[in-house]
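Commentary on secondary and tertiary structure
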Amino acid sequence: MANIAWFKELSKKDIPTVGGKGANLGEMFNAGIPVPPGFVITAEAYKRFIESTGIDKEIYGILKDLNVENNEELQAASKKIHEIILSAKMPQDIAEDVQESYDNLNVNEEVFRKASKQALDIIRMGRDPPFVAVRSSATAEDLPTASFAGQQATFLNVKGNKRLLEAVQKCWASLFTARAIYYRVKNNFPHEKVFIAVVVQRMARSDKAGVIFSINPMTNDETEIVIEAGWGLGESVVSGSITPDQYIIDKETFKIKSKKLNEQDWMYTLDPHIGYTVKKKILREKLNTQILTDSEISRLAELTERIEKHYGSAQDIEYAIEGSSIYIVQSRPVTTLKKPYGKEEKKEEVAPEIEAEALVQGQGVSQGIGSGAVKIVRGIEDLGKVLKGDVLVTRMTNPDMVPTMQRASAIVTNEGGSTCHAAIVSREMGIPCIVGTENATKILKENDIVTVDGSAGKVYKGRIEIKKEKESYEMEQTTVETVTEIKVIMDIPEFAEKAAATGANGVGLLRNNLMLARHGEHPSYMIRSGRKEQLIQTIIDDVSKIAEAFKGKPVWYRTFDAPTDEYRNLKGGEEEPVEANPMMGWRSVRRSLDEPELLKAEFEAIKKIHEKGLTNVGIMIPLVISVEEVKKTKEILKEAGLEPRKDVQFGIMVETPAAVQIIKEICEEGIDFISFGTNDLTQFTLAIDRDNAKVQKLYNEKHPAVLRQIKHVIDVCKQYDVETSICGQAGSDAEMAELLVKMGIDSISANIDAVKKIKYFVAKAEKKLMLEAARKKEEFSL
């Protein structure tokens, strides 16, 4: 069988040879859809590569008795196989075929067919090698329902034979990422029957680009086509970095029904000298002008109708315009409709009314029912009066209150939102909690008996019984297995065993600021007063309890991240500066780099934890806004005796739009993982104080601007084999979890009480994706 197959030679029947992606491109190419030219390095070429070099036996030997539930073993196996594949020499005939095909991408097809080999060599010598996209396209032998979407690598802006061959071998190696290995084992797909093809496609150096929906996704109107457009490469539109022009077209007449023009003052473009995407200012004469001409809009609408008819379903299409040429880069079914395509929307069920007097109402942030006597806490001096089973009512909780919170049957606050201190700690403790009532400390009276409904966000007079219908996930008797790992968020070591009992795949966020606050002293004060060793031992004791409970599974320790107002009441905290906006002030990695002794103490503690055999503890730095912060942190980590990425897993939290915009540069600096801190990412993207009850109605972690940033970061990280996760409150939201699965996230961290729920909904989302892929494959083969 040939090593190379050109798009013109492929159709839907060729999935076993070139995978779904390669077959789909061939299908569109032969249907007359303008697809950028390209070819596929077949699965047979990959098979010959591993067999002729003899590495197949070595690879399958490593995988034979691998325990994929042991994350350290899984990661080590994946790393070893990557090294084996990347160090093996590609057979000469395959390398020559790839290089010749690449050189021919720049030759006109008619000339290519008629010219002699000698003539072609002369033509190619006078032309600059093209930039190409190199994409993985996995396939499986005798496994018609297998789907491997989003598991393998993609490399953009590849130029030259050397870089191309390197990218091909990296694509082959990506068949053995930890995620891909785990997925195959859990779905009983034999490793020996899964192969990989590689798509090599000329990159359109677009002047303008964007996305098209063949159905209006906002209204589900099947008679409308929606086109979004931006200047330059399509990355700015797809990632949500800009607000694109939007055109709505009548599908029947192709008449433009409406235009919404938006200001775009910069664009992404390919710099041919360095071979990378760069940000560039828009020329003054293009500012505030319509991006697509009416003629281009009509041509795109006609193409969209053809593609939808060809596939028989609503399509989400990516396009690029280079000069006068329009290219379709990708087409896939629309999966974000508010209702199933062509079906009626299901009505929401209304919860029954409770026949009791609601005294106050706020935002329910930790589920459950709690009853008891009201105890109003106005200051630290009031904490002693809260006895076991009382309802703690206060303006807002802080780290000083954690021991008292553990005694309460429920917690009610005047202020705060879904990500405030009270919400975070209550969820971990499993205590019902309502925040943002605005007036609970005025309305509720000391020692009155009340019932707190943490789901509905209401406080009722008296002790009443509230029956709750069990959710579908609560009735599941068996443990649900998912490809996407489900981890937990933790602060308190005493809850480690409870957290581990959920079956979580590790700790995706260990917040040390809440953990250290339990001890009553500011860690900076301990350093200043010469008690660094005591602080190190405190961290060792607390973190070790959690690492022991999750032995063999990752525990990501986030370095110190406390706004100055949170620690002011601790011993030694009186020196904390008074800031107008502590959330945007002296906290996180910026403070750690200003106080390197504190950061070094944390790292020395982690080193000693590793020396105890608990090497599953990784390090994560918060609120990153520059590559320099990552570099400096790594230097301090080395000073503490740990080599980042070699001795210890090292990653960052993506919590700022700045980190989103420079994620490529951060990946190139060298990290193992990222975790989205959606609490802060949402706050900083929407300019909304997440602890302010008055604006909570506007706080939305599923806002398109937030989702587009998440999607962009996941896509970039996949190119660099950087693991992606989420540890914000959004990870405990079922709908958000489903969206994250579709985006291809590697793991989701949820609150302890939400692990089972999120696992259930993630499994449903994964099953849905597999069924959609199987249906698409079946339609493809008809």
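Criteria and thresholds
Residues numbered from 1 in each chain as written. Predicted model: local features only at pLDDT ≥ 70, side-chain atom pairs only at ≥ 80, totals over all residues. Heavy atoms only, no water. Pairing = 2+ DSSP bridges. Helix = DSSP H or I, 4+ residues; strand = E, 2+ residues; numbered from the N terminus. Axes fitted to C-alpha atoms, helices over the stretch in contact; angles between N-to-C directions. pLDDT = per-residue confidence, 0-100. Contact = heavy atoms within 4.5 Å. Phe/Tyr/Trp six-rings, centres within 6.5 Å; stacked < 30°, edge-to-face > 60°. Lys NZ or Arg CZ within 6 Å of the ring centre and 35° of its normal. Core = buried A, V, L, I, M, F, W, Y, C linked by side-chain atoms within 4.5 Å. Buried < 20%, exposed > 50% of the residue type's maximum accessible area, 1.4 Å probe, protein only.

Our focus in this paragraph is the sheet that holds strand 27 (residues 673-676). In spatial order, the strands read 28-27-26-25-24-23-22-29; together these eight strands make up an open sheet with parallel pairing. Unpaired on one side and paired on the other, strand 28 (723-726) and strand 29 (747-750) mark the two borders of the sheet. Neighbour-to-neighbour, the strand axes of the sheet open up by a mean angle of 30 degrees, direction not taken into account. For strand 27 and strand 28, the ladder comprises four bridges, and the chain directions are parallel. Within the sheet, the bridge partner assigned to Phe676 lies in strand 28 and is Ile726.

Bringing the confidence of the model for the protein chain into the picture now. Detailed reading of predicted coordinates is not advised where the pLDDT is low. When pLDDT is averaged across the protein chain, the result is 84; 87% of the residues are at 70 or more. Note that pLDDT drops below 50 for residues 141-147; the model gives that stretch 14 contacts with residues more than four away or on any other chain.

Okay, the pairing of strand 21 (residues 458-461) next. Note: strand 14 (residues 358-361) against strand 21, three bridges, orientation antiparallel. Bridging across to strand 21, Ala358 finds its partner in Tyr460. Between strand 20 (residues 449-453) and strand 21, which follow one another and run antiparallel, lie four residues, and Gly457 among them has a positive phi close to 75 degrees.

By secondary structure assignment, the location of Ile317 is in strand 12 (residues 315-322). Ile317 sits 14 residues away from Ser331 along the chain, and the two C-alpha atoms are 4.4 Å apart. Setting aside anything within four residues of it in sequence, one finds Ile317 in contact with Gly210, Val211, Ile212, Thr304, Ile307, Ile328, Gln330 and Ser331.

Here the focus is the packing of aromatic side chains. A complete count under the given rule lists eight aromatic pairs for this structure. Among the aromatic residues, those joined into a cluster by ring pairs are Tyr46, Phe49, Trp172 and Phe195. Looking at Lys279, its charged tip hangs above the ring of Trp266, at a distance of 4.3 Å from the centre. Positioned above the aromatic ring of Trp556 is the side chain of Lys487, whose terminal nitrogen or guanidinium carbon lies 3.7 Å from the ring centre.

This next bit is on the nonpolar core. Core analysis: the biggest nonpolar cluster contains 105 residues, and Met490, Ile674 and Phe676 have the highest contact counts within it. Residue contacts for Phe676: discarding those within four places in its chain leaves Val654, Leu681, Ile710, Val713, Ile714, Ser725, Ile726, Cys727, Gly728 and Ile745. By size, the runner-up hydrophobic cluster in this structure holds 53 residues, among which are Phe49, Leu164, Ala173 and Tyr183.

Attention shifts here to the environment of Ala153. Relative to the elements of secondary structure, Ala153 occurs in the loop between strand 3 (131-140) and strand 4 (154-159). The spacing of Ala153 and Asp721 is 568 residues in sequence and 7.5 Å in space, taken between C-alpha atoms.

What follows concerns unusual backbone geometry. Note: most residues except glycine have negative phi, and most peptide bonds are trans. Despite not being glycine, Leu623 shows a phi value in the positive range, around 55 degrees. Topologically, Leu623 is positioned in the loop between strand 25 (617-621) and helix 21 (627-639). Phi at Ala687 is positive, roughly 55 degrees, even though this residue is not glycine. Mapping Ala687 onto the fold places it in the loop between helix 24 (678-686) and helix 25 (704-719).

The subject of this paragraph is the sheet that holds strand 17 (residues 391-394). The eight strands are arranged 14-21-20-16-17-18-19-15 in an open sheet whose pairing can be described as mixed. The open sheet has two free edges, formed respectively by strand 14 and strand 15 (363-366), since each of these has just one partner strand. Between one strand axis and the next, the sheet turns by 30 degrees as a mean value, whatever way the strands run. One ladder, built from four bridges, connects strand 16 (residues 369-377) with strand 17; its direction is parallel.

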